[in-house]
Amino acid sequence: MEKVAIVVVTFKRQELLRKLFDSILESTVAPWRIVVVDNENSQSTMAIVAEFEEQANAAWDDGGVDESGVASRVAYRPQPENLGGSGGFSAGVKAAYELGAQWFWVMDDDVAIEPEGLARLAKWTDKYQVVQGSRYDYDGGPFYWQYHFSVALGIYDPFAPAAFNFDDERPMNVACFEGGLFAREVVKQIGFPDNRFFLYWDDAMYGYRASKVCQPVVVPDFIMRRTREMKNWDIAGVRQLNSTSDNTRYYIMRNRGYMARYFQLYGDYRRFAFGLGTLLTFAKEFARILIVDRSHFASGTKRLFAGWRDSRKILHDTTWKPMPALVADGVETKVE
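How each quantity is defined
- Residues numbered from 1 in each chain as written.
- Predicted model: local features only at pLDDT ≥ 70, side-chain atom pairs only at ≥ 80, totals over all residues.
- Heavy atoms only, no water.
- Helix = DSSP H or I, 4+ residues; strand = E, 2+ residues; numbered from the N terminus.
- Rg over C-alpha atoms; globule rule 2.2 N^0.38 Å.
- Buried < 20%, exposed > 50% of the residue type's maximum accessible area, 1.4 Å probe, protein only.
- Core = buried A, V, L, I, M, F, W, Y, C linked by side-chain atoms within 4.5 Å.
- Contact = heavy atoms within 4.5 Å.
- Axes fitted to C-alpha atoms, helices over the stretch in contact; angles between N-to-C directions.
- Parallel < 35°, antiparallel > 145°, perpendicular 65-115°, else oblique.
- Nonpolar A, V, L, I, M, F, W, Y, C, P; charged D, E, K, R; others polar.
- 1 Å grid on protein atoms, 1.4 Å probe; cavity = no way out; pocket = protein on both sides within 12 Å on 5 of 7 lines; lining within 4 Å.
- Points joined across faces, edges and corners; volume = space filled by probe spheres on them.
- Expected span 1.5 Å × (residues − 1).
- Pairing = 2+ DSSP bridges.
- Right-handed = clockwise from strand over helix to strand, strands pointing away.
- Polar contact = N/O pair within 3.5 Å; in protein donor to acceptor, adjacent residues only side chain to side chain.
- Phe/Tyr/Trp six-rings, centres within 6.5 Å; stacked < 30°, edge-to-face > 60°.

Chemist: Quick rundown of the overall build of the protein? Include the residues and the values.
Modeler: Along the backbone of the protein there are 10 helices and 15 strands. On C-alpha atoms alone, the protein measures out to a radius of gyration of 19 Å, which is about the 20 Å that the 2.2 N^0.38 rule sets for 336 residues. Each principal axis of the C-alpha distribution contributes one length, and for the protein these read about 60 × 50 × 45 Å. In the protein, buried positions account for 55% of the 336 residues.

Here you go:
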């Protein structure tokens, strides 16, 4: 795996970011770059990144990272405003792309990588261009993740088996920005992550778009662990219904408008099935309010309806365009 860039998006979670940095320093494989997108543009985060940069350069002192003579492995990218998770990953992948990265390992600030995580992913990269590893939850158990997406309904397949309960790779048609690995060739063909999502569904749609140009896979190797404890409700001891914010509830519903537009682009949009999926999504989020976030009943329900209303505006926006590819007629285009 040549020129692997770890792309980290952070926002107001400095202590968790320190844990992630500490785990990166324990990696048995030195990443080529670590790109840190700071959505808070905070002095405290900048100081943490500066300390990490010094430690990383000392830990992997090989006389220069590459032929360009750039000696630092860390690239800090503070943003003038909070771009959300999707905007942060879009900016981070773009920054790593401009630096010359050939692989992009993306993650939030509330995870820690396993020392062998990058090495475990590397063994799959001769065969696949998008690889999603397995994860531990914050309590040490395996984290349940639905790696198959029902495109007709626009929801994660509720009957997909656990992504950690198998012995070999399995095909997937989504991705997760909590540890997804993407090859440069894929980014060339589908462009950067869509920053308009702000929060939620952005990684699912990026994986869906990637599945149109290659075969993404989820693999059984554990590559990272989640470090942020969340209020949740266990479902059959495996799945969890986690607490979330009213802001996230809004984007869960609103971004179905963007989802529908991408399905239309690839000829996968089925109006009535997708409408049923929207109803199921609303029902799930309403149940989340009732079971986990009861104190947000009024405000949360209001935000769900607001997001649903705005999703319809996106669906009927005649000016909408997809994120552009970075290659045309076989020629890589200049990044603006």
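Read on, since the account is not over.
Chemist: Pulling in residues and values, what's your account of the nonpolar core?
Modeler: Counting 55 residues, the largest nonpolar core has Trp145, Phe149, Val187, Phe192, Trp201, Met205 and Phe263 as its most contacted members. At the level of elements, β1 (4-10), β2 (33-38), α3 (84-99), β4 (103-108), α5 (184-190), α6 (202-210), α8 (256-265) and α10 (297-315) are the ones that each hand at least two residues to this core. Beyond its immediate chain neighbours, meaning those up to four positions away, Phe149 contacts Gly154, Ile155, Tyr156, Asp157, Asn173, Val174, Trp201, Met205, Met259 and Phe263.

Chemist: Now, about the packing of α6 against α8: what can you tell me, with residues and values included?
Modeler: Contact pair α6 / α8: the axes reach a minimum separation of 11 Å and the direction vectors enclose 5 degrees. Compared by their axis directions, α6 and α8 come out roughly parallel. Contacts between α6 and α8 involve Met205, Tyr208 and Arg209 from the first element and Met259, Tyr262 and Phe263 from the second. Considered class by class, the residues forming the contact of α6 with α8 number 5 nonpolar, no polar and 1 charged.

Chemist: I'd like to hear about the layout of surface pockets, residue by residue, with values.
Modeler: In this approach the atoms are scanned with a rolling probe the size of a water molecule, which exposes any empty space left behind. One number sums up the size of the second largest pocket: a volume of about 290 Å³. Of all the elements in the fold, those that place two or more residues in the lining of the second largest pocket are α8, α9 (271-291) and α10.

Chemist: Outline the environment of Leu265, supporting the account with residue identities and numerical values.
Modeler: Relative to the elements of secondary structure, Leu265 occurs in helix α8. For Leu265, a relative accessible area of 43% gives the class partly exposed. Along the chain, Leu265 and Glu26 lie 239 residues apart, while their C-alpha atoms are 43 Å from each other.

Chemist: How would you summarise helix α1 (residues 14-25) if you had to cite specific residues and measurements?
Modeler: Taking 1.5 Å per residue as the helical rise, α1 with its 12 residues ought to reach 16 Å, and the 17 Å between its terminal C-alpha atoms agrees with that figure. Buried within α1 are the following residues: Gln14, Leu16, Leu17, Leu20, Phe21, Ser23 and Ile24. Contact partners of the buried residues in α1: β1, β2, α2 (43-59), β4 and β5 (111-113).

Chemist: Mind laying out the environment of Thr244, listing which residues take part and the relevant values?
Modeler: Within the fold, Thr244 resides in the loop between β13 (239-242) and α7 (246-254). Remark: the alpha-carbon pair of Thr244 and Glu285, spanning 41 residues in sequence, is separated by 9.4 Å.

Chemist: How would you sum up the pairing of β1? Please name residues and give values.
Modeler: A large share of β1 lies buried, amounting to 7 of its 7 residues. Burial along β1 is two-sided: the residues Val4, Ile6, Val8 and Thr10 and Ala5, Val7 and Val9 are all buried. Sheet analysis places β1 next to β4, joined by 6 bridges and oriented parallel. If you follow Ile6 over to β4, its bridge partner there is Trp105. Relative to β2, β1 runs parallel, the two being bridged by 6 bridges. The partner of Ile6 across the bridge, within β2, is Ile34. Since β1 and β2 lie parallel, the crossover through α1 that links them has a hand, and here it is right-handed.

Chemist: So, the side chain of Arg288: which residues are in play, and what are the values?
Modeler: Looking at where Arg288 falls in the secondary structure, it is placed in helix α9. A distance of 2.7 Å separates a polar atom in the side chain of Arg288 from a polar atom in the side chain of Glu285.

Chemist: Pulling in residues and values, what's your account of the packing of aromatic side chains?
Modeler: Enumeration according to the criterion identifies 25 aromatic pairs in this entry. Judged by centre distance (6.3 Å) and plane angle (5 degrees), the rings of Phe282 and Phe286 are stacked. Placement of the pair is Phe282 and Phe286 together in helix α9, with a separation of 4 residues, close to one helical turn. Between Phe282 and Phe305, the ring centres sit 5.0 Å apart and the planes meet at 50 degrees, which makes this aromatic pair tilted.

Chemist: Let's hear about the environment of Val151: which residues, and what values?
Modeler: Among the structural elements, Val151 can be located in the loop between β7 (149-150) and β8 (155-156). Accessibility expressed as a relative area gives 17% for Val151, which makes it buried. Between the C-alpha atom of Val151 and that of Gly180, which follows or precedes it by 29 residues, the distance is 20 Å. Residues contacting Val151, with those up to four places away along its chain left out, are Asn173, Tyr208, Phe263 and Asp268.

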